[in-house]
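The primary structure of each chain is shown beneath.
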Amino acid sequence: MSLKAIAEYSDRIEAEMARLALAAEGIDAHVFDGGMAGLGLGFMTPARIMVLPEDAAEARIVLEKHGQA
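All figures in this text were calculated on a predicted structure; none of them were measured in a lab.

1. Regarding the sheet that holds strand 2 (residues 29–32)
Pairing is antiparallel in the open sheet, where three strands are placed in the order 1-3-2. Each edge of the open sheet is held by one strand with a lone partner, namely strand 1 (4–9) and strand 2. Each adjacent strand pair in this sheet contributes to an overall mean axis angle of 30°, direction not counted. Bridge analysis of strand 1 against strand 3 (residues 47–51) gives five bridges, and the strand direction is antiparallel. Paired with Tyr 9 across the strands is Ala 47, a residue of strand 3. With respect to the sheet, helix 3 (residues 56–65) is in contact with strand 1 and strand 3, its orientation differing from that of strand 1 by roughly 20°.

2. Points about helix 1 (residues 12–24)
Taking 1.5 Å per residue, 13 residues should reach 18 Å; helix 1 reaches 18 Å between its end C-alpha atoms and fits that length. Within helix 1, the full set of buried residues consists of Ala 15, Ala 18, Ala 21 and Leu 22. Around the axis of helix 1, the buried residues are gathered within 120° of arc, so they sit on the same side. Opposite the buried face of helix 1, by more than 90 degrees, sit the exposed residues Ile 13 and Ala 24. Close packing links the buried residues of helix 1 with strand 1, strand 2, strand 3 and helix 3. For helix 1, the N-terminal capping position is held by Asp 11, with its side-chain oxygen 2.8 Å away from the main-chain nitrogen of Ile 13.

3. Structural notes on the environment of Ala 57
Following the sequence through the fold, Ala 57 ends up in helix 3. Accessibility expressed as a relative area gives 51% for Ala 57, which makes it exposed. When the C-alpha atoms of Ala 57 and Ile 6 are compared, they prove to be 8.6 Å apart, with 51 residues separating the residues in sequence.

Calculation criteria
Residues numbered from 1 in each chain as written. Predicted model: local features only at pLDDT ≥ 70, side-chain atom pairs only at ≥ 80, totals over all residues. Heavy atoms only, no water. Pairing = 2+ DSSP bridges. Helix = DSSP H or I, 4+ residues; strand = E, 2+ residues; numbered from the N terminus. Axes fitted to C-alpha atoms, helices over the stretch in contact; angles between N-to-C directions. Contact = heavy atoms within 4.5 Å. Expected span 1.5 Å × (residues − 1). Buried < 20%, exposed > 50% of the residue type's maximum accessible area, 1.4 Å probe, protein only. Arc of directions from axis to C-beta. Polar contact = N/O pair within 3.5 Å; in protein donor to acceptor, adjacent residues only side chain to side chain.

These figures come from the coordinates and say nothing about function on their own.
Written out as structure tokens, the structure is:
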């Protein structure tokens, strides 16, 4: 199973909020590298939102709708 990055955040909390917005719309999403962002190192290794490639377009629309893109 391959995943596609659709957004990056320098803050883990922002990434988790985006993941929750996607989950509310029925899109399975995962936060990668959230630990580094949680340590304040998001400028070096941002937290990434990852989804299945077939969900990427819809996920971007959802994030834009919620002002989290």
